[in-house]
Amino acid sequence: MKLEINNISKSYGSVNVLENINIFSDKKECIGIIGPNGAGKSTLFKIISGIIKQDNGLVEFNKKNINNYSVEQRSRLGISQSFQKNSLFLEMTVKESLMLASSHKYKISFNLFKPLIANNLIIKNAIKIAKDIGLEDYLEVKSEFLAYGLQRQLELGIAIACSPKLLLLDEPTAGMSPAETKDIIKLIKKLSKDYSIIIVEHDMEVIYNLANNIYVLDRGRLVFEGSPSAVKKSKLVQKIYLGI
Amino acid sequence: MLLIQFLNALQFSMTLFLLAVGLTIIFGLMKIVNLAHGSLYMIGAYVGLSIWSYCDSFWLAFIFAPLVTALVGAFLYFVLFRHIQNADPMRQVLLTFGLIYIGLDSVRMIWGTMSHSISAPDVLSNSIILISEPYPSYRLFVIFVGFFVLICLYFILEKTIIGAKVRASVDDPETAKLLKINTDKILFYTFSLGCGLAGLAGITVAPILGVEPGMDMEVLVLTLIVVVVGGPGSLKGALIGALLIGFVDSFGKVYMPQLAQIIIYAVMALTLLFRPDGLYKR
Amino acid sequence: MRAVNYNPKLRLQIMIILVSLLVIFNIFGGYFTRFFIAEIAILSIFAISLDFIASRGGMVSLGHAMFLGIGAYSTAILSINYGIPPFYTTFLSIIIGLLIALFIGYFIVLLDGIFFIMVTLALGEMFHAWVFTSELLGGSDGIPGIMRPSLTFIGFDLNEPLIFSFYSIFWLIIAYYFIAKITDAPLGRNLDAIRQNTSRVSAIGGYTKAYKAIAFSISAGIASLAGSLYVQLNGFISPELTHWTVSGEGLIMIIVGGIGSVSGAILGASVVHIIQHELSNIISWWMFIIGFGFILVVLFMQDGLWGLIERIKKKFG
């Protein structure tokens, strides 16, 4: 689960959205990427997950150059992501959604003979994940009927159902109330024991709670890297965020 | 000879343009593919036929047929499209598909199933000599109408405030609303305009192609191909697409008649392979 | 685009009821009824094929009559020009449909829904224009003299209307079973997920293009089956079989039935075919009514008759 971002740059026309970004993630650690609006976090995230392609630089996963890998291919390598805006299967129940995501983990997606709903292995996996994300009481509820906070949890659940090696979380607490945010933080903390995680976040408190190592972006450049306490003390970071 | 073929191709392209531009404007604005666009083209031709028969004047038909078609569009907007604006795009398309059936039978009920023809007005019934070849002046008129519409639309869209409002509504409806742009009104007028353009195409081309049931689907497919190739929602795309398809079809029919049909679909296939959003984005 | 709720039990129940009705009417009906029953069975097969790609993969095709035509013309040419026994021509037609769809699918399955509709409409029209003018395929006269399979070695004379209707119903059951199996399998569930949220399926590692291409192929194969049976029923082909209104009717059938329910396609096919038949005998403007009715269904009955039955069951169950 070693992810290396080497000298990534991306521009749209004459605007340099990202310049010479280097990020290094190894073993089971939780990396945070923060920065004010417009810093380029979203773009960086999309480059790592494969949605857009960088102009220059290298994305390496476990020593493999994945620059030309599509989102699908990266997912099959073990890079899984959750989205800032809920991207669920609204007509499916929690259980069905998790089972569907698991069908890729067990590589049975081309199997024609056994109904998915009868596959005990996958059912077990789905129930286990539902427990992990705190939705075991909602297994038979359709995704569209879940409250927003619970939908966010399902969003995470689908991402981990494919047993990823690396989890990319895009603003997991987006749109949440303080109470819901607390629950998500607890959940992600639990997940960080089992998965390597990269979180892009806007909310500083969330990152301080979860990350071992934090990268700070400002206007497309990497301006600081360090532990939560170092970031908290840094006058530079304060200046960037507060404009002092 | 080549000049004649070139002009024929250009005339065909301009016809396609008139049809495609209405469809692409509606698609760009409302994200609806109005499959009944061919039906509106047909209605324009038939209404023009009636006006021409009763009033014995092509020009009256030419002016009022598009207006009537625009009114039909306005009616459809109020009764149907306005309410389904926020529905799933697929459902909206299916609705327009149902309208095709209604349009076809309505025309059959009112005008019968025979084919009809409209004569070009006297002033355009002659031929003009171009480089020692006679060419029907009515076909030149069709080319002229196409270009005139193109220039008007370009001018309105790019140089007027209303045009700016339309473009704003297409690019970002939410912000447009915040800027106090009445997006509903704009949708209504633009939709009616798009329908009116289809009617204009119908009456303009009627003296050449005739008026008959079934004319709605014949043009719909080519119009769709033009829109797909040119890029939905783009005025420039409608023009370039119409020119491309029009010329490929016309010259194809002359030099390679067996392959002519397939060439157009090959063009479409290639466009979809390499530029799935069409040649020009809105 | 929404589909009906995933309910394999109700799906099976409705299918059994409908097929039983078809069988009963077949046994006790007269010549014309039996012919009609065969038509309904064949149209149901076509509707199932359309329903499959619409609900599993979100691909609404307005040109699927093309595959009816491919199945039909393949059957005709293979049996008349190449002397292949009619029974085998059906299987070969299915394969031909499958392969052609695989080729076309490579280009079009990833297109956005609305583009997909436009392109399939265009392709359908191209095919229609081609068969209308092709001398090889009989042009506007079509091809006459198509024989039904000879199953006399097991004691069935398919020239008997009763027997051929049973033969068609038999194929309907096979088609239903096959599609239902795929729908419940991981492949089908993934296709359903693709309809709901394609990008998420990519994000969890699904092979979206492959799944959709397979679905499109299978659907074409089944439509070809319907085409093959249709020409054997009638004994001749008319190029009108590939007219866009046939594709449109198919679409109306699956919407009325309820998209995604599989057995709803059978229900929709039966209802629409009966209504259309009865209406066209009474008034000349039946297309107007069908179009109007269709619009009402799209507006107010989103999950079709199947959804209606589901709701009634819930109320009284």
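Only a predicted model underlies this, so the values are computations on that prediction, with no experimental measurement involved.

(A) Quick look at the overall build of chain B. Helices and strands together make up the secondary structure of chain B, namely 11 helices and 2 strands. Going from the N terminus to the C terminus, chain B shows its helices and strands as α-α-α-α-β-β-α-α-α-α-α-α-α. Its C-alpha atoms give chain B a radius of gyration of 19 Å, within 12% of the compact-globule value 19 Å for 282 residues. For chain B, the spread of C-alpha atoms along the three principal axes comes to 60 × 45 × 35 Å. Here chain B holds 282 residues, and the buried ones make up 50% of them. Across chain B, every contact between residues at least 6 apart in sequence was considered, and the portion connecting residues at least 24 apart equals 76%.

(B) Structural detail: the overall build of chain C. Within chain C, the regular secondary structure consists of 13 helices and 0 strands. Counting from the amino terminus, chain C carries its helices and strands in the arrangement α-α-α-α-α-α-α-α-α-α-α-α-α. Relative to the globule expectation of 20 Å for 317 residues, the C-alpha radius of gyration of chain C, 19 Å, shows essentially globular dimensions. Taking the principal axes of its C-alpha atoms as reference, chain C extends roughly 50 × 45 × 45 Å. Here chain C holds 317 residues, and the buried ones make up 59% of them.

(C) A look at the nonpolar core. Grouped together as the largest cluster of nonpolar side chains are 265 residues, with contacts concentrated most on I225(B) and I45(C). When residues of this core are assigned to their parent elements, the largest contribution, 16 residues, is made by helix α1 (residues 2-30) of chain B. Residue-level mapping places this core at the junction of two domains, with at least three residues from each of domain 1 (1-78 + 165-244) and domain 2 (89-163) of chain A. The residues contacting I225(B), other than those within four sequence positions of it, are I245(B), I264(B), M268(B) and A122(C).

(D) Main features of the packing of helix α9 (residues 215-230) of chain B against helix α11 (residues 257-274) of chain B. Residue and element names in this part refer to chain B. Orientation of α9 relative to α11, taken along the N-to-C sense of each, is 30°, at an axis distance of 9 Å. As the angle between them shows, α9 and α11 are arranged roughly parallel. For the element pair α9 and α11, the recorded crossing hand is left-handed. Across the interface between the two elements, I225, V228 and V229 from α9 touch I264, V267, M268 and T271 from α11. Among the residues making up the contact of α9 with α11, the classes are represented as 6 nonpolar, 1 polar and no charged.

(E) Just the interface of chain C and chain A, in detail. Listed as interface residues are 21 residues of chain C and, on the opposing side, 26 residues of chain A. Contributing elements (two or more residues each) for the side of chain C that touches chain A: α6 (161-184), α7 (186-196) and α8 (198-203) of chain C. For the side of chain C that touches chain A, the element with the most residues is α7(C), which contributes 6 residues. Across the side of chain C that touches chain A, the residue classes break down as 8 nonpolar, 8 polar and 5 charged.

(F) The arrangement of the pairing of strand β1 (residues 127-130) of chain B in detail. Residues and elements named next belong to chain B. Where β1 meets strand β2 (residues 133-136), 4 bridges bridge the pair, whose relative direction is antiparallel. Across the sheet, residue L130 finds its bridge partner in β2, namely E133. As consecutive antiparallel partners, β1 and β2 are separated by 2 residues, and within that stretch I131 has a phi angle of approximately 45°, a positive value.

(G) Seen up close, unusual backbone geometry. Residues and elements named next belong to chain A. For N20, which is not a glycine, the phi torsion comes out positive at approximately 45°. Along the chain, the position of N20 falls in strand β2 (residues 15-25). On the basis of neighbour count, N20 is assigned to the partly exposed category, with 14 C-beta atoms found within 10 Å. Of note in the backbone geometry, N62 takes a positive phi value of approximately 50° without being a glycine.

(H) Just the sheet that holds strand β6 (residues 79-82) of chain A, in detail. All names here are of chain A. Spatially, the 6 strands line up as an open sheet ordered β6-β7-β8-β3-β9-β10, and their pairing is mixed. Single-partner strands in this sheet number two, and they are β6 and β10 (221-226). Across the sheet, the mean angle separating the axes of adjacent strands is 20° when strand polarity is ignored. With 5 bridges connecting them, strand β9 (residues 213-218) and β10 associate as antiparallel partners. When the sheet's bridge partners are listed, L217 is paired in β10 with L222. Here helix α5 (residues 148-161) sits on the sheet and contacts β6 and β7 (166-170); the angle it forms with β6, its principal contact strand, is near 170°.

(I) Seen up close, the interface of chain C and chain B. Taken together, the contact between chain C and chain B spans 31 residues of the former and 29 residues of the latter. Where the side of chain C that touches chain B is concerned, the elements lending two or more residues are α4 (86-108), α5 (113-133), α10 (244-257) and α12 (286-300) of chain C. Broken down by class, the residue content of the side of chain C that touches chain B amounts to 26 nonpolar, 3 polar and 2 charged.

(J) Spatial organisation of the environment of G142(C). Residues and elements named next belong to chain C. Inspection of the secondary structure assignment puts G142 in the loop between α5 and α6. For the pair G142 and F236, spaced 94 residues apart in sequence, the C-alpha separation works out to 7.3 Å. When residues no more than four places from it in sequence are discounted, the contact partners of G142 are F236, I237, S238 and P239.

(K) Fine view of the confidence of the model for chain C. Averaged over all residues, the pLDDT of chain C is 91; the fraction at 70 or higher stands at 100%. For this predicted complex, the interface confidence reaches an ipTM of 0.88, while the overall pTM sits at 0.90.

(L) Region of the structure containing the packing of helix α3 (residues 65-80) of chain C against α5(C). Residues and elements named next belong to chain C. Where α3 contacts α5, the two axes come as close as 8 Å, and the packing angle between them is 35°. Contact with α3, carried on its side by A65, M66, G69 and Y73, involves L123, G124, F127 and V131 of α5 and no other residues of that element. For the contact of α3 with α5, the class distribution of residues is 6 nonpolar, 2 polar and no charged.

(M) Main features of helix α6 (residues 161-171) of chain B. Residues and elements named next belong to chain B. What α6 keeps buried is the set V166, S169 and V170. Looking straight down α6, one finds its buried side chains confined to an arc of 100°; they lie on one side. Exposed residues lying more than 90 degrees from the buried face of α6 are I161 and D171. Buried positions along α6 lie against α1, α5 (137-159), α7 (173-178) and α8 (183-209).

(N) Local environment of the pairing of strand β8 (residues 196-200) of chain A. Residue and element names in this part refer to chain A. With 5 of 5 residues buried, β8 is to be regarded as a mostly interior element. Burial of β8 is two-sided: the residues S196, I198 and V200 facing one way and the residues I197 and I199 facing the other way are all buried. With 4 bridges joining them, strand β3 (residues 30-34) and β8 adopt parallel strand pairing. Its bridge partner lying in β8, I31 is registered against I198. Bridge analysis of β7 against β8 gives 5 bridges, and the strand direction is parallel. Residue pairing for β8: L166 is matched across the bridge by S196.

(O) Examining the sheet that holds strand β1 (residues 3-12) of chain A more closely. All names here are of chain A. Here we have 4 strands laid out as an open sheet, ordered β2-β1-β4-β5, and antiparallel in their pairing. Each end of this open sheet is capped by a strand with a single partner; those strands are β2 and β5 (64-65). One ladder, built from 2 bridges, connects strand β4 (residues 56-61) with β5; its direction is antiparallel. Within the sheet, the bridge partner assigned to F61 lies in β5 and is K64.

(P) Structural view of the environment of L100(A). Its place among the elements puts L100(A) in helix α3 (residues 94-105). Since 28 C-beta atoms lie within 10 Å of it, L100(A) is described here as buried. Between the C-alpha atom of L100(A) and that of I117(A), which follows or precedes it by 17 residues, the distance is 9.4 Å. Aside from chain neighbours lying at most four places away, what touches L100(A) is F89(A), M92(A), R189(C), N190(C) and A193(C).

Basis of the calculations
- Residues numbered from 1 in each chain as written.
- Chains lettered and ligands numbered in written order.
- Predicted model: local features only at pLDDT ≥ 70, side-chain atom pairs only at ≥ 80, totals over all residues.
- Helix = DSSP H or I, 4+ residues; strand = E, 2+ residues; numbered from the N terminus.
- Rg over C-alpha atoms; globule rule 2.2 N^0.38 Å.
- Buried ≥ 20, exposed ≤ 12 C-beta atoms within 10 Å, placed from the backbone.
- Contact = placed C-beta atoms within 7 Å.
- Core = buried A, V, L, I, M, F, W, Y, C linked by C-beta atoms within 7 Å.
- Domains from an automatic or database assignment.
- Axes fitted to C-alpha atoms, helices over the stretch in contact; angles between N-to-C directions.
- Parallel < 35°, antiparallel > 145°, perpendicular 65-115°, else oblique.
- Left-handed = near helix turned anticlockwise from the far one by under 90°.
- Nonpolar A, V, L, I, M, F, W, Y, C, P; charged D, E, K, R; others polar.
- Pairing = 2+ DSSP bridges.
- pLDDT = per-residue confidence, 0-100.
- Arc of directions from axis to C-beta.

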